[in-house]
Amino acid sequence: QVQLVESGGGLVQPGGSLRLSCAASRHIVSISAMGWYRQAPGKERELVAAITVPGSTNYADSVKGRFTISRDNAKNTVYLQMNSLKPEDTAVYYCNTRPYVTVYWGQGTQVTVSS
């Protein structure tokens, strides 16, 4: 069974940066399109960044130019570099395939942007 474990979240001031990591238990990263999703309090989970198997990326308008998704197939890991963070980026961040598979959801990692 695939397990995805997110890490790297924390408390950061507006304008700061964080790098999230998603470690997969199997070689799913190299054979599947992957995505980073987030869920803010009281809101639905949304896709913020995705990367295809060949390496093409796309981003939600709200994070375009600030977030970068990447992956390391050898490490079975997907990353999300987040720069110029804003309070509205506060959420629990999850990784999953794209489209997502319900049983793959992990615990996520909390990102809080606040002064």
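Reading the values: rules and limits
The residue numbers shown here count from 1 along each chain, following its written sequence. Side-chain atom pairs in this predicted model are given and counted only at pLDDT of 80 or more, local residue features only at pLDDT of at least 70, and totals for whole chains, interfaces and linings cover all residues. Water and hydrogen atoms play no part in the side-chain values, which are based on all heavy atoms of the structure. Think of it this way: a Phe, Tyr or Trp ring, Trp meaning its six-membered ring, pairs with another when their centres are within 6.5 Å, and the plane angle makes it stacked under 30 degrees, edge-to-face over 60, tilted otherwise. Working definition: helices are DSSP H or I runs of at least four residues, strands are E runs of at least two. Numbering for both runs from the N terminus. For every residue, the accessible area (1.4 Å probe, protein chains only) is compared with the maximum for its type, and the residue is labelled buried under 20%, exposed over 50%, or partly exposed between those bounds. When checking whether two residues touch, look at their non-hydrogen atoms; a contact exists if any pair is within 4.5 Å. Strands pair, by our definition, only if DSSP identifies at least two bridges between them. The axes used here are C-alpha line fits, helices contributing only the stretch in contact, and every angle between their N-to-C directions lies in the interval 0 to 180 degrees.

S.K.: An account of the packing of aromatic side chains is needed here, citing residue identities and associated values.
M.R.: Aromatic ring pairs are defined here through the distance separating the ring centres and the angle between the ring planes. Scanning all chains against the criterion turns up four aromatic pairs. Pairing Tyr37 with Tyr100 gives two aromatic rings, centres 6.2 Å apart and planes at 85°, and the pair type is edge-to-face. You can see Tyr37 sitting in strand β4 (residues 34–39) and its partner Tyr100 sitting in the loop between β9 (91–97) and β10 (109–113), a full 63 residues away along the chain. Residue Tyr37 is classed as buried on the basis of its relative accessible area of 6%. Ring geometry for Tyr94 against Trp105: centres 5.7 Å apart, planes inclined by 75°, an arrangement best described as edge-to-face. Of this pair, Tyr94 sits in strand β9 while Trp105 is found in the loop between β9 and β10, placing the two residues eleven residues apart along the sequence. Classification of Tyr94 by relative accessible area gives buried; the value is 11%. Taking relative accessible area as the criterion, Trp105 reaches 22% and is therefore assigned partly exposed. Taken together, the ring pairs connect Tyr37, Tyr94, Tyr100 and Trp105 into an aromatic cluster.

S.K.: So what about the side chain of Arg66? Which residues, and what values?
M.R.: Locating Arg66 in the fold gives a position in the loop between β6 (57–59) and β7 (67–72). Sequence-distant contacts of Arg66, defined by excluding residues within four places in its chain, comprise Gln81, Met82, Asn83, Ser84, Leu85, Lys86 and Asp89.

S.K.: For the sheet that holds strand β5 (residues 46–51), give the residues involved together with the corresponding values.
M.R.: Spatially, the six strands line up as an open sheet ordered β2-β10-β9-β4-β5-β6, and their pairing is mixed. In the strand order of this sheet, the two ends are held by β2 (10–12) and β6, each with one partner. The average angle at which neighbouring strand axes cross in this sheet is 25°, direction not considered. Both β4 and β9 contribute to a ladder of six bridges, which runs antiparallel. From the neighbouring strand, Trp36 faces β9, where its bridge partner is Cys95.

As far as function goes, none of this settles anything; it's purely spatial.
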